[in-house]
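Residue strings, one per chain:
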Amino acid sequence: MIPLLYPQKLPKAILFDWDNTLVDTWRMAFDAMNLARKALGLSEFTIEEFWSRPHHSMRDAAVDLFGEHFKEGEKLFYEAVEKLHLKELKKLHGAELLLDQVKDLGIYMGIVSNKDGHHLRKEVEHLGWKSHFHKVIGARDMEEDKPSPIPVYAALLNSTIDPSHDVWFVGDSIVDVHCARASGCVPVVVGHGEASRQGDIIHAKDCQGLANLLLKL
């Protein structure tokens, strides 16, 4: 049996991943990726191939995704994202309830995502969630992206809260778990992907499940 963590008290801060943690954006990213690859004459990813890839930022993944044409591939990808991302943006089940609950509990909240910071902040504002978060840190906002701990440090800057077991990092991917551990925070995984099979994590089936867990503490 995989060892899980069972929290005994509320955290002082919760930092959230964005894509596929609070919002459903995978289809948009999948379509944008394949539009870019097709335009470059590369084979399109299957859904299985897309999901099997680590959730690194485009800055860190572009060469692997597009080869020697990575600059053009990145440009084409972001052109597609600009057209699609707000139209196809959907809140995940229980996400809004979770954020409202965390806010009511007085817990510091931030986002640390590998989505480009410009598009990330547009999505947060589009959903009317801007007031929930003290900091929204996306890819290229700092000198390094997740799994580096640097974006976590930036998200907590000036908060009086240090990265520690008082901070939960909530995400859906292995990259999120690695980032949490690298920064000294508690990894919290929502969903049933590969990351949920890691040891020494807090696990919830979805945002509603995490909201229920917080209510018990």
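None of the values given here were measured: they were computed from a predicted structure.

## A closer look at the packing of helix α1 (residues 26–39) against helix α3 (residues 58–66)
So, point 1. At a closest axis distance of 11 Å, the pairing of α1 and α3 adopts a crossing angle of 45 degrees. Classified by the angle their axes make, α1 and α3 are oblique. The hand of the α1/α3 crossing is right-handed. For the pair α1 and α3, contact is made by M33, A36 and R37 and by M58, L65 and F66, respectively.

## Observations concerning the nonpolar core
So, point 1. Counting 31 residues, the largest nonpolar core has F16, W18, L22, W129, F133, W168 and L210 as the members making the most contacts within it.
So, point 2. Among the elements of the structure, β1 (13–16), α5 (95–104), β4 (108–116), α6 (117–126), β6 (167–171), β7 (186–190), β8 (202–204) and α9 (207–216) are those that each provide at least two residues to this core.
So, point 3. The element best represented in this core is α9, accounting for 5 residues.
So, point 4. Those residues in contact with F16, other than ones at most four positions away along the chain, are L22, L98, L99, M109, G110, I111, V112, F133 and V170.
So, point 5. Among the nonpolar cores identified, the runner-up in size contains 18 residues, and F30, A36, F66 and A80 belong to it.

## Notes on the sheet that holds β8
So, point 1. With parallel pairing, the 6 strands of this open sheet are ordered in space as β5-β4-β1-β6-β7-β8. Two strands bound the open sheet, and with one partner strand each, they are β5 (135–139) and β8. Averaged over neighbouring strand pairs, the angle between their axes works out to 20 degrees when direction is ignored.
So, point 2. Two elements, β1 and β6, share 4 bridges in a ladder whose sense is parallel. Bridged to A13 within β6 is V167.

## Points about the packing of aromatic side chains
The geometry of an aromatic ring pair comes down to the distance between the two centres and the angle between the two planes.
So, point 1. Under the criterion given, the structure shown has 6 aromatic pairs.
So, point 2. Arranged with centres 5.8 Å apart and planes meeting at 85 degrees, the rings of W18 and W129 form a pair that is edge-to-face. Taken together, the positions of W18 in the loop between β1 and β2 (23–24) and W129 in the loop between α6 and β5 put the pair 111 residues apart, joining distant regions of the chain. Accessibility assignment for this pair places W18 and W129 in one class, buried.
So, point 3. A ring pair is formed by W26 and W51, whose centres lie 5.8 Å apart and whose planes are at 50 degrees; its orientation type is tilted. One end of the pair, W26, is in helix α1; the other, W51, is in helix α2 (residues 47–52), and 25 residues separate them in sequence.
So, point 4. Judged by relative accessible area, which is 36%, W51 ranks as partly exposed.
So, point 5. In this arrangement the basic side chain of R37 is found over the ring face of F45, its NZ or CZ atom lying 4.1 Å from the centre.

## Some words on the packing of α1 against helix α4 (residues 70–84)
So, point 1. Relative orientation of the contacting elements α1 and α4 amounts to 140 degrees, with a least axis distance of 8 Å. As summarised for this structure, α1 and α4 are arranged oblique, according to the angle between their axes. Remark: the crossing between α1 and α4 carries right-handed chirality. Within the contact between the two elements, α1 uses M28, A29, D31, A32, M33, L35, A36 and A39 and α4 uses G73, L76, F77, A80, V81 and L84.
So, point 2. Here the contact of α1 with α4 is composed, by residue class, of 12 nonpolar, 1 polar and 1 charged.

## Some remarks on helix α8 (residues 174–183)
So, point 1. When you tally the buried positions in α8, you get 7 out of 10 residues, the bulk of the element.
So, point 2. Among all positions of α8, only I174, V175, D176, V177, C179, A180 and S183 are buried.
So, point 3. Taken together, the buried residues of α8 touch β4, α7 (150–156), β6 and β7.
So, point 4. In the segment just after α8, G184 is the residue with positive phi, at about 80 degrees.

Reading the values: rules and limits
Residues numbered from 1 in each chain as written. Predicted model: local features only at pLDDT ≥ 70, side-chain atom pairs only at ≥ 80, totals over all residues. Heavy atoms only, no water. Axes fitted to C-alpha atoms, helices over the stretch in contact; angles between N-to-C directions. Helix = DSSP H or I, 4+ residues; strand = E, 2+ residues; numbered from the N terminus. Parallel < 35°, antiparallel > 145°, perpendicular 65-115°, else oblique. Left-handed = near helix turned anticlockwise from the far one by under 90°. Contact = heavy atoms within 4.5 Å. Core = buried A, V, L, I, M, F, W, Y, C linked by side-chain atoms within 4.5 Å. Buried < 20%, exposed > 50% of the residue type's maximum accessible area, 1.4 Å probe, protein only. Pairing = 2+ DSSP bridges. Phe/Tyr/Trp six-rings, centres within 6.5 Å; stacked < 30°, edge-to-face > 60°. Lys NZ or Arg CZ within 6 Å of the ring centre and 35° of its normal. Nonpolar A, V, L, I, M, F, W, Y, C, P; charged D, E, K, R; others polar.

Everything listed here is a matter of coordinates, which is why it stays silent on function.
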